[in-house]
Amino acid sequence: MTALLEVENLRVTYAGAQRDVAAVAGVSFAVAPGEVVALVGESGSGKTATALAIIGLLGESARIEPGSAIRFEGRDLLRLGEPEFRDLRGRRIAMVFQDAGAALNPVMRVGEQVAEAALVHGERDKARARAMAVAMLDRVGLPDAARQARAYPHELSGGMKQRVMLAIALLLKPSLVIADEPTSALDVTVQRQVLSLLLELQRESGTAVLMITHDLGVVAETCSRALVMRRGELVESATVDDLFHAPRHAYTRELLAAMPRLARPVPPG
Amino acid sequence: MSRVGRLLAYGTVAAVLGAALAAPVLAPRDPNALGDDPTRDRRLAPSVQHPLGTDDLSRDVYGRLIHGTRVSVSIALIAAALIVAIAFAWGTTAAFAPAWLRGAMMIFADVVYSVPRLLVVLSVLTFTGQLAPATLAVVLGLAGWAPLSRILYRAAVAARRAPSTESAMALGVGRVRIAFSHVLPALRPHLVEGACMAVAVVIPLEAALTYFGIGVPRPTATWGRLLDDAGADPLGAWWLVVFPSAVIAATVMAMNYLASDARAPRLTAEAK
Ligand SMILES: Nc1ncnc2c1ncn2[C@@H]1O[C@H](COP(=O)(O)OP(=O)(O)OP(=O)(O)O)[C@@H](O)[C@H]1O
Ligand SMILES: [Mg+2]
């Protein structure tokens, strides 16, 4: 199986006020097409920095060190010009952010924001983009989508906003979605609904998901494989079964020990 | 802001703008014309014929106030438009510029800001002498854009880095579209507030400069000129001081109200 995404020896450094911070310190992994991979690790371990490096949105205070490589669909993303990269974003690689309330544009109707994904990627016909948006909003479970498409973000609940984010991210059926803690801002019951929706959409369109999370319960429920990061390094890369039943790294065992019992998967057999 | 306060503020602004626009209709006589008998008609108290009285030279204060409004408001609007335009161009250019240029542009703005506005205007006027109203407006505008440019710069940088901008960029939205659909809406309240504040600052500045004889030359009526015309002994003729002062104070207060009103809806939206 050829990989959809290959990250090789990725090193990301933030230029700090006093000294530089190595946010990502030599990380290598691959994601296959259609695969759901978890990226877990404590706060500050470099998960978001890895995600932003992949989608090419690290701020100007960060730099990717030479020797790093990110290949996606056979292209070297680190050598891609900004126009070509922009063409990939939203069409082939999409991102779902943690806080949909902050990630949606407060002064734009949600339908327009979904339609924008189509409009920036070559759809000329505004009416058709709008129809696509309404259909997608309906698909993600926005009740009365045609009407709600005209709502502004602040008129929707947190769960609905995150559904809108999913609609935006998956509208053009990208081959990779990076979800950076997509449910941690939501209530527990809503979290489950949004997660299962993400998985449904992912299966429908054959999209691979890189799921960044603190929550090993989420990992157990949704992912087939997990990458564990600590202080910028990848300390474990295992199938979810192995991760829960035969963790190799002490840090992974600590993470597991910190997890509430109920959320753990039942041992097989 | 209370409803009454808002009503008063908008009412005042509407009245002042109305007077400025309709001055030739509201006061058809030449505002510099002397009374029929200049000696007899000096310093007349308000009456039916002269609702706001007459001044030392027997001119009708009502007519001069109306025409003065036209000049003072024009100066304030031109200066405010310049301030907003320059501050907007400077601040947003810096916000989108590479790091080194951005720093240099903001340092320049700080230098301009650190020289007191009055000092700039006074030094220019020392060179040029008294200026026609439009030229004075340009000088006031050129001297006053720096603080607003910093505010707009900050807001534009914040909007560029906002999560909603980042998510739009993750969607492949280009720079131009980001500027118009994310950065510009975030600047709008600051632009409105900045414009109101600019008017509120320029009006007393023009009045003071003209009052001290270095602003708009005689005999052109402006709000500052009317105060000057009250002469050395205004106590015997209260109407020469009270009416122009009241108009200046009411206008400045109303503009400050509008400025805080521009900020207010944003605060409530953020509180949600
Ligand atoms: N803009 C920045 N400037 C400087 N340092 C940064 C910046 N963003 C992140 N860092 C640093 O890089 C490291 C990795 O941060 P990152 O955001 O990737 O962590 P994370 O694993 O996503 O954490 P969390 O789970 O809290 O989201 C941290 O040490 C952080 O302090
Ligand atoms: Mg993070």
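Structure's up top.
So, a few notes on the structure that sits alongside this text. Treat the numbers as computed from the prediction; the structure is a model and nothing was measured. (Residues numbered from 1 in each chain as written. Chains lettered and ligands numbered in written order. Predicted model: local features only at pLDDT ≥ 70, side-chain atom pairs only at ≥ 80, totals over all residues. Heavy atoms only, no water.)

**Thoughts on a nonpolar patch on the surface**
Piece 1. There is a patch of nonpolar side chains on the surface, built from Leu118, Leu122, Tyr211, Phe212 and Ile214 of chain B and spanning about 470 Å² of accessible area.
Piece 2. On the basis of relative accessibility, which here comes to 63%, the residue Phe212 of chain B falls in the exposed class. (Patch = residues over 30% accessible without salt bridge, like charges linked within 9 Å, V, L, I, M, F, W, Y side chains within 5 Å. Areas by Shrake-Rupley, 256 points an atom, 1.4 Å probe, with all protein chains shown as cover. Salt bridge = Lys/Arg side-chain N within 4 Å of Asp/Glu carboxyl O. Buried < 20%, exposed > 50% of the residue type's maximum accessible area, 1.4 Å probe, protein only.)

**Focus on the packing of aromatic side chains**
Piece 1. Throughout the structure, instances matching the rule amount to six aromatic pairs over all chains.
Piece 2. A ring pair is formed by Phe108 of chain B and Trp145 of chain B, whose centres lie 6.3 Å apart and whose planes are at 25°; its orientation type is stacked. Here the residue Phe108 of chain B occupies a position in helix α4 (residues 99–114), and Trp145 of chain B occupies one in the loop between α6 (133–143) and α7 (146–161), the gap between them amounting to 37 residues.
Piece 3. The class for Trp145 of chain B is buried, based on a relative accessible area of 7%.
Piece 4. Here the aromatic rings of Trp238 of chain B and Trp239 of chain B are separated by 5.7 Å at their centres, their planes lie at 85°, and the arrangement is edge-to-face.
Piece 5. The exposure class of Trp238 of chain B is partly exposed, given its relative accessible area of 45%.
Piece 6. An aromatic cluster of at least three residues, connected via ring pairs, comprises Trp90, Phe108 and Trp145 of chain B.
Piece 7. For Arg89 of chain A, the ring lying beneath its charged end belongs to Phe85 of chain A, and the centroid distance is 4.6 Å. (Phe/Tyr/Trp six-rings, centres within 6.5 Å; stacked < 30°, edge-to-face > 60°. Helix = DSSP H or I, 4+ residues; strand = E, 2+ residues; numbered from the N terminus. Lys NZ or Arg CZ within 6 Å of the ring centre and 35° of its normal.)

**Notes on the interface of chain A and chain B**
Piece 1. Of the residues lining the interface, 25 residues belong to chain A; the matching set on chain B comes to 16 residues.
Piece 2. Taken together, both faces of the contact between chain A and chain B bury some 1700 Å²; the carbon and sulfur share is 59%.
Piece 3. Applying the counting criterion to the chain A and chain B interface returns two salt bridges.
Piece 4. For Glu60 of chain A, the salt bridge identified is with Arg102 of chain B, shortest N-O distance 2.7 Å.
Piece 5. Applying the counting rule to chain A against chain B returns eight residue pairs in polar contact (both at pLDDT 80 or more).
Piece 6. Elements with a minimum of two residues in the side of chain A that touches chain B: α1 (47–55), β7 (93–96), α3 (100–103), α4 (110–119) and α7 (158–170) of chain A. (Contact = heavy atoms within 4.5 Å. Buried area = accessible area lost by both parts, 1.4 Å probe. Polar contact = N/O pair within 3.5 Å; in protein donor to acceptor, adjacent residues only side chain to side chain.)

**As for empty space enclosed by the protein**
Piece 1. Under the counting rule described, the total for this entry stands at two cavities of 30 Å³ or more.
Piece 2. As a volume, the largest cavity reaches approximately 150 Å³.
Piece 3. Forming the walls of the largest cavity are 18 residues, and the residues nearest its centre are Ala103 and Ile168 of chain A together with Ser167, Ala168 and Leu171 of chain B.
Piece 4. Sorting the residues of the lining of the largest cavity by element identifies β7, α4 and α7 of chain A together with α8 (163–170) of chain B as the ones contributing at least two each.
Piece 5. Looking at the lining of the largest cavity, the element that brings in the most residues is α8 of chain B, giving four residues.
Piece 6. Residue composition of the lining of the largest cavity, grouped by class: 11 nonpolar, six polar and one charged. (1 Å grid on protein atoms, 1.4 Å probe; cavity = no way out; pocket = protein on both sides within 12 Å on 5 of 7 lines; lining within 4 Å. Points joined across faces, edges and corners; volume = space filled by probe spheres on them. Nonpolar A, V, L, I, M, F, W, Y, C, P; charged D, E, K, R; others polar.)

**Focus on the packing of α4 of chain A against α7 of chain A**
All names here are of chain A.
Piece 1. Look at α4 against α7: their axes get within 8 Å of each other, and the N-to-C directions meet at 20°. The orientation of α4 with respect to α7, classified from their angle, is roughly parallel. By crossing handedness, the relation of α4 to α7 is classed as right-handed. Mapping the contact onto sequence places Val110, Gln113, Val114 and Ala117 in α4 and Val164, Ala167 and Ile168 in α7.
Piece 2. Counted by class, the contact of α4 with α7 contains six nonpolar, one polar and no charged residues. (Axes fitted to C-alpha atoms, helices over the stretch in contact; angles between N-to-C directions. Parallel < 35°, antiparallel > 145°, perpendicular 65-115°, else oblique. Left-handed = near helix turned anticlockwise from the far one by under 90°.)

**Let's talk about the sheet that holds strand β8 (residues 176–180) of chain A**
Residue and element names in this part refer to chain A.
Piece 1. Pairing is mixed across the open sheet formed by six strands, whose spatial order is β7-β8-β9-β3-β10-β11. Among the strands making up the open sheet, the edge pair consists of β7 and β11 (233–239). Each adjacent strand pair in this sheet contributes to an overall mean axis angle of 20°, direction not counted.
Piece 2. Strand direction decides the pairing type here: strand β3 (residues 36–41) and strand β10 (residues 225–230), joined by five bridges, are parallel. Paired with Val40 across the two strands is Val228, which belongs to β10.
Piece 3. Helix α8 (residues 188–205) contacts β3, β8 and β9 (208–213) of the sheet and is inclined by roughly 160° relative to β9. (Pairing = 2+ DSSP bridges.)

**Here we look at the side chain of Thr92 of chain B**
All names here are of chain B.
Piece 1. Its location among the elements puts Thr92 in helix α3 (residues 61–96).
Piece 2. The class of Thr92 is buried, set by a relative accessible area of 14%.
Piece 3. One polar contact links the side chain of Thr92 to the main-chain carbonyl oxygen of Phe88, over a distance of 2.6 Å.

**Here we look at the site of ligand 1**
Residue and element names in this part refer to chain A.
Piece 1. In the region of ligand 1, 13 residues are neighbours, and Ser43, Gly44, Lys47, Thr48 and Ala49 sit closest.
Piece 2. Between ligand 1 and Ala49, the relevant distance is 2.8 Å, taken from an oxygen atom to a main-chain nitrogen or oxygen of the residue.
Piece 3. For ligand 1, whose free accessible area comes to 640 Å², the fraction covered by protein is 64%.
Piece 4. At the level of elements, β2 (21–31) and α1 are the ones that each hand at least two residues to the shell around ligand 1.
Piece 5. Of all the elements, α1 adds the most residues to the shell around ligand 1, at three residues.
Piece 6. Of the residues assigned to the shell around ligand 1, the class counts are four nonpolar, six polar and three charged. (Near = heavy atom within 4 Å.)

**Some details on the packing of α3 of chain B against α4 of chain B**
All names here are of chain B.
Piece 1. Contact pair α3 / α4: the axes reach a minimum separation of 8 Å and the direction vectors enclose 155°. Between α3 and α4, the angle falls in the class roughly antiparallel. For the pair α3 and α4, the sense of crossing is left-handed. Residue-level inspection shows Trp90, Gly91, Thr93, Ala94 and Ala95 of α3 in contact with α4, the latter providing Arg102, Met105, Met106, Phe108 and Ala109.
Piece 2. When the residues that make up the contact of α3 with α4 are grouped by side-chain class, the tally is seven nonpolar, two polar and one charged.

**Notes on the pattern of salt bridges**
Residue and element names in this part refer to chain B.
Piece 1. The final tally for this structure, using the stated rule, is 28 salt bridges over all chains.
Piece 2. Here Asp261 and Arg6 are joined by a salt bridge, their closest N and O atoms 3.0 Å apart. With Asp261 in helix α11 (residues 239–271) and Arg6 in helix α1 (residues 3–21), this residue pair connects regions lying 255 residues apart in the sequence.
Piece 3. According to the relative accessible area criterion, Asp261 is buried, its value standing at 11%.
Piece 4. A salt bridge links Arg59 to Asp229, with the nearest nitrogen and oxygen atoms 3.1 Å apart. Taken together, the residues span a long stretch of sequence, with Arg59 in the loop between α2 (23–26) and α3 and Asp229 in helix α10 (residues 223–229) at a distance of 170 residues.
Piece 5. The class of Asp229 is buried, set by a relative accessible area of 10%.
Piece 6. Via salt bridges that share partners, Asp55, Arg59, Arg64, Arg218, Arg225, Asp228 and Asp229 belong to a single interconnected network.

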